[in-house]
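Coordinate analysis (summary)
This is what each chain is made of:
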Amino acid sequence: MSVRRAAFITLHACPLAAPGQGKSGGMNVYVRQLAAALGDMGMQIDIFTREHSDVFNRIETIGPNVRVIHIKAGPPDAHVGDLYAHLPEFLEQVNAFREEEGLKYDVVHSHYWLSSWIGRELSKVMGVPHLVTFHTLALLKMQSRAGEVEQAERPVIEAEVIATADRIIAFSPHERDAMVRLYGADAAKISLVPCGVDLSVFRPLDRKTARDRLGLNGDKILLYVGRVEPLKGLELLIETAAQMDSEDGVRVMVVGADVNGDGETDRVKLLAKERDLEDQIDFVGQVDHNELPLYYNAADVCVVPSYYESFGLVALEAMACGIPVVATRVGGLSTIIQHGSTGYLKPWRCPDAFANSVEMIISSDGLQQSLGEAGRKRAEGMGWDNVAAMVWDEYAVLTGHPTKGDNNY
Ligand code: UDP
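Presented here is an overview of the structure given in this document. Just so we're clear, the structure is a prediction, and the values are computed from it rather than from any experiment.

The interhelical angle for the contact between helix α3 (residues 113-126) and helix α5 (residues 153-164), taken along N-to-C directions, is 45°, at an axis separation of 9 Å. Between α3 and α5, the angle falls in the class oblique. Crossing of α3 over α5 shows left-handed handedness. Within the contact between the two elements, α3 uses Trp-113, Ser-116, Trp-117 and Arg-120 and α5 uses Glu-153, Arg-154, Ile-157, Glu-158, Glu-160, Val-161 and Thr-164.

With respect to topology, eight strands assemble into an open sheet ordered β3-β4-β2-β1-β5-β6-β7-β8, the strand pairing being mixed. One side of each edge strand has no neighbouring strand; the edge strands of this open sheet are β3 (59-63) and β8 (190-192). Neighbour-to-neighbour, the strand axes of this sheet turn through a mean angle of 25°, independent of strand direction. Bridging between strand β5 (residues 107-111) and strand β6 (residues 130-133) involves four bridges; their strand directions are parallel. Residue pairing across strands places Val-108 opposite His-130, the latter belonging to β6.

With that settled, consider the environment of Lys-141. Its place among the elements puts Lys-141 in helix α4 (residues 138-144). Here Lys-141 falls in the buried class, since its relative accessible area comes to 14%. The spacing of Lys-141 and Tyr-308 is 167 residues in sequence and 6.9 Å in space, taken between C-alpha atoms. Sequence-distant contacts of Lys-141, that is, excluding residues within four places in its chain, are made with Thr-136, Glu-148, Glu-150, Arg-154 and Leu-231. A polar atom in the side chain of Lys-141 sits 3.1 Å from the side chain of Glu-150.

What counts, and where the lines are drawn
- Residues numbered from 1 in each chain as written.
- Predicted model: local features only at pLDDT ≥ 70, side-chain atom pairs only at ≥ 80, totals over all residues.
- Heavy atoms only, no water.
- Axes fitted to C-alpha atoms, helices over the stretch in contact; angles between N-to-C directions.
- Helix = DSSP H or I, 4+ residues; strand = E, 2+ residues; numbered from the N terminus.
- Parallel < 35°, antiparallel > 145°, perpendicular 65-115°, else oblique.
- Left-handed = near helix turned anticlockwise from the far one by under 90°.
- Contact = heavy atoms within 4.5 Å.
- Pairing = 2+ DSSP bridges.
- Buried < 20%, exposed > 50% of the residue type's maximum accessible area, 1.4 Å probe, protein only.
- Polar contact = N/O pair within 3.5 Å; in protein donor to acceptor, adjacent residues only side chain to side chain.

Written out as structure tokens, the structure is:
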């Protein structure tokens, strides 16, 4: 018998929430797409997430073999920073649901530190293995940007779960090494499995058609995609545009939104104004995930200026669309992007270096094309079916049903 049924725990990142605004981003995409791909392969996945303000149905089937189960724990509009107190309540409700339905899971897979606490407890009750993907880690975030503040409980729980989980998925060697260095993790317990990309949605399209659809003229487009929050380093994007030899004929598009009312977009707009760039920057706001290929394909270059990314899904999506990426050399970005082949990796706080790479790319069609083609080729190894097969192998080994497991990531 092989592994059949997995419980995903994703307390605050509901796979039904639209990514690219507030706190909803790469983790929501990851949970939804990984579950969908495992479901397509025949595994039953129940995704447990917290009931929030936009929920219509308590239980929602989102694809073959995949259900989202909304669990009541705390006020629907509670801030993620206040959820720690509601973990026991969430656990209790998951257990009640499981017993009601007579469900037995072969493995528990938790996402993010809050969920990892629940995953650990749930796996103990059921006597099954616990696998965790942290997505981000407090100590790494705090090291990456001065001023990042985290709940005191977070690094403590992360350290406990790193010590007790049966298996940990890291997105990059950088994340794995940081777990060993900062949390004393046993490296042998950590598997490298990347995030994935939907290669049929994120694919090269005709640039002119994409630009026409978006009402763009012949300007060169620098594209940013992602939540608008301090860790994303949008000031570096603005400084890059300001440092370019000639800003004429160049537009910057910012796709994504902030947490409503936190003022981050206003801060970035003010910076753009101070640099006399306000007429060249479009703040597009949040865009539906499946519409994004139009934006990537309309762009000349995708800029990822983050202080830190444990993976950096946006870079992979741009590459899958055949668009060169210029990014900071941090976290997972240094693994996904092959410097000089699929884009350029630059040190943080170097707008000159960023501007230089961007200018090289936008002034040479040949370079743009060769970087784009190499990016698409690299992305083709990271389709969700490949990634889900690697994750399935991890479950299989944990539950004593090893498959061949050729993870060459
Ligand atoms: N995204 C989106 N619409 C937007 C902006 C972003 O669907 O308007 C998606 C984007 O395609 C990507 C995710 O949000 O899949 C952001 O993931 P990433 O890993 O880059 O950043 P995170 O949010 O995890 O920090």
